[in-house]
Amino acid sequence: MQELKNSNRLPQALLLRNKDSYGLNPNTQVLATTSDFSVIYKTNSQGLRDKEHTFQKSAQIKRVLILGDSLTFGEGIEYGDRFTDIAQRHLQNLEIINAGIPGFSLNQMLLKFTQEGLNYSPDMVVIFINTNVLYRKDNYGIENNSVELNDLSPKQPQNTAMTLYFSKNDPFFNKENFNIVNHSYLFSFLSYQISIRMLMNKLEMNDQRAWARIQQTRKNNRSSSYDLIISRATPLFSKFLEICMQRGIKLIVVNISSHPQKMDFIKNISDKILYYDLSDYLFSESRKQNLCFIYDRHFNKKANSLIAEKLINILQENSNP
């Protein structure tokens, strides 16, 4: 009853917002509940949804820094069931750090990488991208087809598809329902069951309406031409590569769009960027089984399992000297 009455897809207490940075509050634990899932999100002392990682790394184990948005963060997925968690259990010779933040664009990932990610001295950096990441309109810091790190701004994500922050403030959730007979166990039990069903139905209708609005927002935000998207993304990937090459870090980019979306321009930037496209594979699998939640369009547990299999192969392939 508490979960249903306090439903919130992305609790505001989880989010860190100040003039210097945007991300997740450190040492925070919140309950996120929708009609699709009820999950506890917990962050470590560095504001990552991960176990604690020291900046000093072991000489015997290679370190992998994972960057991404809510799909990498694991919205709706229990800790331990995300694709990074599954890969970590299979790859004991690697230390995987999940730095996924809901709503992040490439611009914000670059800022996170330079301000915090480099402190972990990673041997590999894996950027998980999808269509929404590229269409988030962060133009600041890009001039003359190059990126000035000093001009990057820690702005919070825009309310684009997959990034809308909404909570259920309907009065229905804040009133007592069906207090029939307090002195009868039978009627109390029936009252409770009816209340649960009513709350679930209300929550499902709210989520259905909310995600319909999100889909419309997605269409509205796709007005930019793909050429413009490429012109924004290319200098950001180039800056990622420049920093990685200076420090001897392998740069890997993985496309996990839920529908076929060719991003071959990434391969054309440099052959030093190791690019993997899983969009065709994920789309093909989605024709056989549902890879997203019913209303929430984030990947479910099965999709995370499929991506984990591919991630394990990618990391094994690139972990050799």
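Use the structure listed above.
Overview of the structure. Keep in mind the model is a prediction, meaning the values are calculated, not measured.

Focus on the overall build of the protein
Move 1: Within the protein, the regular secondary structure consists of 10 helices and 11 strands.
Move 2: Put simply, the protein has 321 residues, and 54% of those count as buried.
Move 3: Contacts in the protein between residues at least 24 apart in sequence constitute 72% of all its contacts with a sequence separation of at least 6.
Move 4: Total accessible area computed for the protein in this model is approximately 15,000 Å², and 49% of it derives from carbon and sulfur atoms.

Some remarks on unusual backbone geometry
Move 1: One non-glycine residue with positive phi stands out, namely Asn 27, at about 50 degrees.
Move 2: Located in the positive-phi region is Ser 121, a residue other than glycine, with phi close to 50 degrees.
Move 3: Along the polypeptide, Ser 121 turns up in the loop between α4 (106-115) and β7 (124-129).

Details of the pattern of salt bridges
Move 1: Counting across every chain of the model gives 13 salt bridges.
Move 2: In this structure, the salt-bridge partner of Arg 136 is Asp 69, at a minimum N-O distance of 3.0 Å. On the criterion of sequence distance, the pair formed by Arg 136 in the loop between α5 (131-135) and β8 (142-143) and Asp 69 in the loop between β5 (62-67) and α2 (70-73) is long-range, its members being 67 residues apart. Take Arg 136 and Asp 69: they sit in the same class, and that class is buried.
Move 3: Here Lys 112 makes a salt bridge to Glu 116, at a shortest N to O gap of 2.9 Å.
Move 4: When salt bridges that share partners are traced, they join Arg 9, Glu 75 and Asp 296 into one network.

Thoughts on the side chain of Arg 49
Move 1: Following the sequence through the fold, Arg 49 ends up in the loop between β4 (38-42) and β5.
Move 2: In this structure, Arg 49 is buried with no salt-bridge partner, the nearest side chain bearing the opposite charge being Glu 78 at 5.6 Å.
Move 3: Only 3.0 Å separates the side chain of Arg 49 from the backbone oxygen of Gly 74, close enough to count as a polar contact.
Move 4: Within the local environment of Arg 49, its side chain forms a polar contact with the backbone oxygen of Ile 77, the two atoms lying 2.7 Å apart.

Describing a nonpolar patch on the surface
Move 1: A cluster of nonpolar side chains, contributed by Leu 186, Leu 190, Ile 194 and Met 198, occupies part of the molecular surface with about 340 Å² of accessible area.
Move 2: Relative to the helices and strands, Leu 186 is located in helix α6 (residues 185-220).

Some details on the packing of helix α3 (residues 83-90) against helix α10 (residues 301-318)
Move 1: Remark: α3 packs on α10, axes separated minimally by 8 Å, with the N-to-C direction vectors making an angle of 45 degrees. Regarding the angle of α3 to α10, the classification is oblique. The element α3 and its partner α10 pack so that their crossing is right-handed. Side by side, α3 and α10 meet where Phe 83, Thr 84, Ile 86, Ala 87 and His 90 of the first sit next to Asn 304, Ser 305, Ile 307, Ala 308, Leu 311 and Ile 312 of the second.
Move 2: A per-class count over the contact of α3 with α10 returns seven nonpolar, four polar and no charged.

Analysis parameters
Residues numbered from 1 in each chain as written. Predicted model: local features only at pLDDT ≥ 70, side-chain atom pairs only at ≥ 80, totals over all residues. Heavy atoms only, no water. Helix = DSSP H or I, 4+ residues; strand = E, 2+ residues; numbered from the N terminus. Buried < 20%, exposed > 50% of the residue type's maximum accessible area, 1.4 Å probe, protein only. Contact = heavy atoms within 4.5 Å. Areas by Shrake-Rupley, 256 points an atom, 1.4 Å probe, with all protein chains shown as cover. Salt bridge = Lys/Arg side-chain N within 4 Å of Asp/Glu carboxyl O. Lys, Arg positive; Asp, Glu negative; His and termini not counted. Polar contact = N/O pair within 3.5 Å; in protein donor to acceptor, adjacent residues only side chain to side chain. Patch = residues over 30% accessible without salt bridge, like charges linked within 9 Å, V, L, I, M, F, W, Y side chains within 5 Å. Axes fitted to C-alpha atoms, helices over the stretch in contact; angles between N-to-C directions. Parallel < 35°, antiparallel > 145°, perpendicular 65-115°, else oblique. Left-handed = near helix turned anticlockwise from the far one by under 90°. Nonpolar A, V, L, I, M, F, W, Y, C, P; charged D, E, K, R; others polar.

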